[in-house]
Amino acid sequence: MMYKNQSLKKYLDDLAGKLPAPGGGSAAALSGALGCALLSMVSNFTVGKEKYRKYEKEIKGILLKCESYRKRFLELVDLDVKTYSAYANAKDKKSKSMAKKESQRVAKEINSLSYKAIQLCFPLAEKGNIYLINDVLAGAELLSAAFNAALINIEAE
């Protein structure tokens, strides 16, 4: 099942259901996408404001990275579902081992991407729209959750 173009309700219903996937890995990726979306929102509310003009170039750079990371996180939601489903449905030891490696690669990418995205929170908190600092902090928490959830999946494999 590919969730990228499905409703959030469909994803959450399947996540809550009695299915092997989606699970914690795809939820971690979704958390990362949500965190990046918040950082993008803050960037969008900062760019073009006279008060933040001296940071314009830097904030635009942060926005580009946030949008790139958000897109990849969304792809990782589906990729995690695909790789874990392959692992859960593997019939022989060799197939299971290969599927496990691929699933772990996805978890490592979620973890690494979360770390990169968290680094954007610091300059955004310092130089972004002051009225949206709570959204930067909420984004950081969501990215931290993505990082930690992916780490759990890496260590569990």
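Everything below is about the structure shown above.
In this text, all values refer to a predicted model and were calculated from it rather than measured experimentally.

Visitor: I would appreciate a short explanation of the nonpolar core in the present structure.
Guide: Generally speaking, a soluble globular protein has its nonpolar side chains buried in company with each other. Among the nonpolar cores identified, the biggest contains 30 residues, and Leu39, Tyr69, Phe73, Leu76, Ile110, Leu124 and Leu143 are the most heavily contacted of them. Among the elements of the structure, helix H2 (24-46), helix H3 (56-89), helix H4 (93-119), helix H5 (121-127) and helix H6 (133-156) are those that each provide at least two residues to this core. Looking at this core, the element that brings in the most residues is H3, giving eight residues. Excluding its chain neighbours within four sequence positions, the residues that come into contact with phenylalanine 73 are Ala29, Gly32, Ala33, Cys36, Ile110, Leu113, Ser114 and Leu143.

Visitor: Just checking my understanding: could you explain the packing of aromatic side chains for this structure?
Guide: Ring pairs (aromatic) are described by centroid distance and by the angle formed between their planes. With the rule as written, the count across this model stands at two aromatic pairs. On the numbers, 5.2 Å between centres and 85 degrees between planes, the contact of tyrosine 3 with tyrosine 11 is edge-to-face. Classification of tyrosine 11 by relative accessible area gives buried; the value is 4%. Ring centres of tyrosine 84 and tyrosine 87 lie 5.7 Å apart, and the angle between their planes is 50 degrees; on these two criteria the pair is classed as tilted. Of the two residues, tyrosine 84 and tyrosine 87 are both situated in helix H3; the distance of three residues between them amounts to about one turn of the helix. Note on tyrosine 87: relative accessible area 22%, which makes it partly exposed. Over the aromatic face of tyrosine 87 sits the side chain of lysine 96, whose NZ or CZ is 4.5 Å from the ring centroid.

Visitor: It is not clear to me how unusual backbone geometry should be interpreted in this structure. Could you clarify?
Guide: Backbone geometry follows two general trends: most residues other than glycine have a negative phi, and most peptide bonds adopt the trans configuration. For the bond from alanine 21 to proline 22, the omega torsion is 10 degrees, close enough to zero to count as cis. Considering the arrangement of structural elements, one finds proline 22 in the loop between helix H1 (8-16) and H2.

Visitor: When you look at the pattern of salt bridges in this model, what are you seeing that I'm missing?
Guide: According to the stated counting rule, one finds 11 salt bridges in the structure shown. The partner of aspartate 13 in a salt bridge is lysine 9, and the shortest N-O contact between them spans 2.6 Å. In this pair, aspartate 13 and lysine 9 both sit in helix H1, four residues apart, roughly one turn of the helix. Aspartate 13 sits in the partly exposed class, given a relative accessible area of 41%. A salt bridge links glutamate 109 to arginine 105; the shortest N-O distance between them is 3.4 Å. Of this pair, glutamate 109 and arginine 105 both sit in helix H4, four residues apart, which is roughly one turn of that helix. Among the ionic contacts, a cluster of salt bridges with common partners joins Arg72, Glu75, Glu102, Arg105 and Glu109.

Cut-offs and rules
The numbers attached to residues start from 1 for each chain and follow its sequence in the written order. Note on the predicted model: pLDDT of at least 70 is required for a residue's local features to be given, and 80 or more for side-chain atom pairs to be given and counted; whole-chain, interface and lining totals, by contrast, use all residues. As a convention, hydrogens and water are excluded, and side-chain values are obtained from all of the structure's heavy atoms. Among buried residues, those of type Ala, Val, Leu, Ile, Met, Phe, Trp, Tyr and Cys that are joined through side-chain atoms within 4.5 Å constitute a nonpolar core. Burial status follows relative accessibility: with a 1.4 Å probe on protein chains alone, a residue under 20% of its type maximum counts as buried, one over 50% as exposed, and anything between as partly exposed. Per the convention used, a helix needs a DSSP run of H or I reaching at least four residues, while a strand needs a run of E reaching at least two, with both numbered from the N terminus. Residues count as neighbours in contact if any of their non-hydrogen atoms are within 4.5 Å of one another. The rule is short: rings of Phe, Tyr and Trp, with Trp giving its six-membered ring, pair when the centres are within 6.5 Å, and they are stacked under 30 degrees, edge-to-face over 60, tilted in between. Placement of a positive charge over a ring is assigned whenever Lys NZ or Arg CZ falls within 6 Å of the ring centre and within 35 degrees of the normal to the ring plane. Here, a salt bridge means any Lys or Arg side-chain nitrogen found within 4 Å of an Asp or Glu carboxyl oxygen.

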